[in-house]
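Given next are the chains, with one letter for each unit.
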Amino acid sequence: MSSLYPLHSYDCEPPCEHLPLRTLRERAEQWPSSRVSVQAFDVDGWRYVMKRSRPPRWAGLRAWAGALSCLAVFGVWPAPGRLRVGDIHHEAARLRALREQGQAVPRVYLETGNHLVFEYCGLTVERILEHMRPAARLALLSRVVDDLADFHRAGHWHGGAQLRNLTMMHGRIYRIDFEENVGAALPLPIAQAYDVLLTFHSMVDHLGGDPAAGTRLLARYLARVQSPGVAGALGAADRWLGRLRRIEPWLGARLRRGHDVRRALALAGIVHGGLAA
Ligand SMILES: Nc1ncnc2c1ncn2[C@@H]1O[C@H](COP(=O)(O)OP(=O)(O)O)[C@@H](O)[C@H]1O
Ligand SMILES: [Mg+2]
């Protein structure tokens, strides 16, 4: 979704018995065929988000690439068939299960053959961070890290834990976008370590050029989650990322300045420093 949402959100959810289900269904049926697959809209003063199923592109190839990456980074080979990205029905089932267990995820209001309509849960953390001063930014990132540790301590995995898949509503962090299937294909500590890598990789650009802040945040996560399994999986990732750190001096200056390379190097430093702290 590209439009900027208003910073306010509603104080409470529409009560279920008053849900305008007919209107929501009509909206789903009338959705013009465009490339957009997620859309926010208002009905009677309430904001909703609608997602439509999209044909998975290169799903088989991406699953194999994902399995090879897991083997390289964590030393574990997941069945590529189980790693395939799930559909909107898989996402709806995960949202319902997590919500039943008290987790902050959108409420699913409507599920049709091709559409999901769920609760609007505020701006993404990524978007909010763009408008913050450095000190406030670090405070929010600390909350993100604590939230991830608590989510993991409760025995869950996200699969798409980047900042763009976290939102804030009424001062609470919400998790969205549950199409990924990694937790079905990997042991829990590895799926959780994968969440950690995604979260910290997406944080790199918000650390104000201070990688030590990232290291402190990872140490904070590890102290809170208290999981030898996750620490072990991150240790395996550290050994793999160490190769990147070792070849850094030989990378040309231009390559080193490249955005992706810089982010990968920053992540490698954070994982190494956070585990050693
Ligand atoms: N429940 C929601 N509340 C607020 N914004 C949402 C919600 N669901 C999706 N969005 C917005 O739509 C974007 C795309 O939705 P997402 O479920 O992450 O799909 P995608 O698979 O395209 O990343 C999110 O990054 C966020 O900006
Ligand atoms: Mg997303």
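Residues numbered from 1 in each chain as written. Chains lettered and ligands numbered in written order. Predicted model: local features only at pLDDT ≥ 70, side-chain atom pairs only at ≥ 80, totals over all residues.

1. Some words on the overall build of the protein
How we decide: Only DSSP runs of H or I reaching four residues or more are called helices, and only runs of E reaching two or more are called strands; each is numbered from the N terminus. In this setup the radius of gyration rests on C-alpha atoms only. A globule is expected at 2.2 Å times the number of residues raised to 0.38. Here a residue counts as buried when 20 or more other C-beta atoms fall within 10 Å of its C-beta, as exposed when 12 or fewer do, and as partly exposed in between; the C-beta atoms come from the backbone. Any two residues are considered in contact once their C-beta atoms, placed from the backbone, lie within 7 Å.
Broken down by element type, the protein carries 12 helices and 7 strands. Relative to a compact globule of 277 residues, whose C-alpha radius of gyration would be 19 Å, the protein shows 20 Å and is just as compact. Across its three principal directions, the C-alpha atoms of the protein cover 60 × 45 × 40 Å. Split into buried and exposed, the 277 residues of the protein put 34% on the buried side. Sequence-distant contacts in the protein: of pairs separated by 6 or more residues, those separated by 24 or more amount to 69%.

2. Regarding unusual backbone geometry
For aspartate 177, which is not a glycine, the phi torsion comes out positive at approximately 65°. As for its placement among the helices and strands, aspartate 177 is situated in the loop between β7 (172-175) and α7 (182-185). The phi torsion at glutamine 226 lies on the positive side, around 50°, for a residue other than glycine. Tracing the backbone shows glutamine 226 in the loop between α9 (211-225) and α10 (228-247).

3. Description of the pairing of strand β4 (residues 115-119)
Taken residue by residue, a regular strand's side chains alternate between the two faces of the sheet. Our working definition: One requirement defines pairing of two strands: DSSP has to find at least two bridges between them.
Of all 5 residues making up β4, 4 are buried, and the element is well covered by its neighbours. Where strand β2 (residues 46-52) lies against β4, 5 bridges are found, and the strand directions are antiparallel. Counterpart to lysine 51 in the pairing with β4 is leucine 116. In this structure, strand β3 (residues 108-111) lies alongside β4, joined through 3 bridges in antiparallel fashion. Across the sheet, residue glutamate 111 finds its bridge partner in β4, namely leucine 116. Hairpin connection of β3 to β4: 3 residues between the antiparallel strands.

4. Quick word on the sheet that holds β3
Condition: For helices, the fitted axis covers only the stretch in contact; all axes are lines through C-alpha atoms, and the angles between them, taken along N-to-C directions, range from 0 to 180 degrees.
Taken in spatial order, the 4 strands of this open sheet run β1-β2-β4-β3, and their pairing is antiparallel. A strand with exactly one partner marks an edge of an open sheet, and here the two such strands are β1 (38-43) and β3. In this sheet, adjacent strand axes meet at a mean angle of 25° when their direction is disregarded. Its contacts with the sheet put helix α1 (residues 21-30) on β1, β2, β3 and β4, and the angle it makes with β3 is roughly 55°. Across the face of the sheet, helix α4 (residues 88-100) comes into contact with β2, β3 and β4 while running at roughly 150° to β3.

5. Section: the pairing of β7
With 4 bridges connecting them, strand β6 (residues 166-169) and β7 associate as antiparallel partners. When the bridges of β7 are listed, methionine 168 appears paired with isoleucine 173.

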